[in-house]
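As a plain string of letters, each chain reads:
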Amino acid sequence: MCEYKKEKILDKIKKVFELSKNNPSEKEAKAAALKAQQLMVEYHLSIEDIENIEDTNDITEIHVHVKTGNKWKSALAWVISNNFRCKYFYSGKSLIVFYGYRTDAEIAAETFKFLFDFGNKKATNYYNFIKRQGKNTKGIRNAFLIGYLEGIKEVLEKQSTALMVITPKEVINNFELMIQENDNFSRKTSSGLKVRVDSTGENANKEGKRTGKAIIQSRSLECMA
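Residues numbered from 1 in each chain as written. Predicted model: local features only at pLDDT ≥ 70, side-chain atom pairs only at ≥ 80, totals over all residues. Heavy atoms only, no water.

### Here's the deal with the overall build of the chain
Then step 1. Looking only at helices and strands, one finds eight helices and three strands in the chain.
Then step 2. When the helices and strands of the chain are read in sequence order from the N terminus, they spell out α-α-β-α-β-β-α-α-α-α-α.
Then step 3. By the burial criterion, 44% of the 225 residues in the chain qualify as buried.
Then step 4. For the chain, long-range pairs separated by at least 24 residues make up 76% of all intrachain contacts whose partners lie at least 6 apart in sequence. (Helix = DSSP H or I, 4+ residues; strand = E, 2+ residues; numbered from the N terminus. Buried < 20%, exposed > 50% of the residue type's maximum accessible area, 1.4 Å probe, protein only. Contact = heavy atoms within 4.5 Å.)

### Some points on the packing of helix α4 (residues 102-132) against helix α7 (residues 202-216)
Then step 1. Running from amino to carboxyl end, α4 crosses α7 at an angle of 145 degrees, the nearest separation of the two axes being 11 Å. Handedness of the crossing formed by α4 with α7: right-handed. Residue-level inspection shows F114, L115, F118, K122 and Y126 of α4 in contact with α7, the latter providing N203, A204, E207, T211, I215 and I216. (Axes fitted to C-alpha atoms, helices over the stretch in contact; angles between N-to-C directions. Left-handed = near helix turned anticlockwise from the far one by under 90°.)

### Details of the nonpolar core
Where a protein is soluble and globular, its nonpolar side chains tend to be buried together.
Then step 1. Counting residues in hydrophobic clusters, the biggest one holds 37 residues, and the most contacted among them are L76, I80, F98, F112 and L115.
Then step 2. Those elements giving two or more residues to this core turn out to be β1 (59-65), α3 (72-83), β3 (95-101), α4, α5 (140-163) and α7.
Then step 3. Ranked by residues supplied to this core, first place goes to α4 with 11 residues.
Then step 4. In this structure, L76 is in contact with F112, L115, F116, L149 and I152, ignoring residues within four places of it in sequence.
Then step 5. F89, L95, Y99 and I179 belong to the second-largest nonpolar core, a separate cluster that totals nine residues. (Core = buried A, V, L, I, M, F, W, Y, C linked by side-chain atoms within 4.5 Å.)

### Quick notes on α7
Then step 1. Counted at 1.5 Å a residue, the expected span for α7 with its 15 residues is 21 Å, and the 22 Å between its end C-alpha atoms agrees.
Then step 2. Taken residue by residue, α7 has A204, N205, G208, T211, G212, I215 and I216 as its buried positions. Buried positions in α7, seen along its axis, are confined to an arc of 125 degrees and lie on one side of it. In α7, the exposed positions angled more than 90 degrees off the buried face are occupied by N203 and K206. (Expected span 1.5 Å × (residues − 1). Arc of directions from axis to C-beta.)

### Description of the environment of K87
Then step 1. Mapped onto the fold, K87 is located in strand β2 (residues 87-91).
Then step 2. Separated by 10 residues in sequence, K87 and A77 place their C-alpha atoms 9.0 Å apart.
Then step 3. The contacts of K87, once residues within four sequence positions are left out, are S81, V97, F98, Y99, T167, V171 and F175.

### Thoughts on the pairing of β1
A regular strand places its side chains so that they alternate between the two faces of the sheet.
Then step 1. Burial of β1 is one-sided: the residues T60, I62 and V64 facing one way are buried, the residues I59, E61, H63 and H65 facing the other way are not.
Then step 2. As paired strands, β1 and β3 are joined by seven bridges and run antiparallel to one another. Each bridged residue has a counterpart across the sheet, and for E61 the counterpart in β3 is Y99. (Pairing = 2+ DSSP bridges.)

### Points about the sheet that holds β2
Then step 1. Read across the open sheet, the three strands follow the order β1-β3-β2; overall the sheet is antiparallel. Sheet topology places β1 and β2 at the edges, where each strand pairs with a single neighbour. Pairwise comparison of adjacent strand axes, ignoring direction, gives a mean angle of 25 degrees for this sheet.
Then step 2. Strand direction decides the pairing type here: β2 and β3, joined by five bridges, are antiparallel.

### Here's the deal with the confidence of the model for the chain
Then step 1. Taken residue by residue, the chain gives an average pLDDT of 75. The fraction at 70 or more is 62%.
Then step 2. A low-confidence stretch, residues 51-56 stays under pLDDT 50, and its non-local contacts, those more than four residues away or across chains, total 12 contacts.
Then step 3. Scored below 50 in pLDDT, residues 189-196 shows 13 contacts in the model against residues more than four places distant or in partner chains. (pLDDT = per-residue confidence, 0-100.)

### Focus on the pairing of β3
Then step 1. In terms of burial, β3 is largely enclosed, as seven of its seven residues are buried.
Then step 2. Hairpin connection of β2 to β3: three residues between the antiparallel strands, including G92 at a positive phi of 65 degrees.

As structure tokens, then:
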């Protein structure tokens, strides 16, 4: 690839990264981040090729504060970190931490926050919908969220496989070293997709999965091509 063309491509990726970090709409930020990943793979570039992006090569921690409860947050963090070149852990009951190269960790954190808030909102809406119909609501919210996670996981893993998204060895090695050197470090990681759904929650589960797949398969991503 000639230097001129390479510079043009790198400039395009830089602009997409800036959009992903500065766009006030988290949905659009997510789309911009995924588009940047596509461009990098399409032109056989790596993050190290992109010069002058502040703190790109720094491995860091990005903290996300969430409300207590909502045990599914750990499962969502696991899915996001696996597909955005990061590791994750959580501290206490309300702090999720994404660990990786700064750009990757920032993108993962923004994606997590959007999907977490969106999932809780949709699960509550579905619960209220079932309640208004006078039907049994036991386990409905959890069934919906399990499906939601499965839908997100399915689409993200498919895209990550296509893009060959792999967590950098440096991130993995530094993460493991951090754990070994910190006796008080409590690593709790889980896919969180092992909760059984009985027959009464099947429809909720299906609706949750449809919702999860739909939010990742955003048309806004196509519009940026």
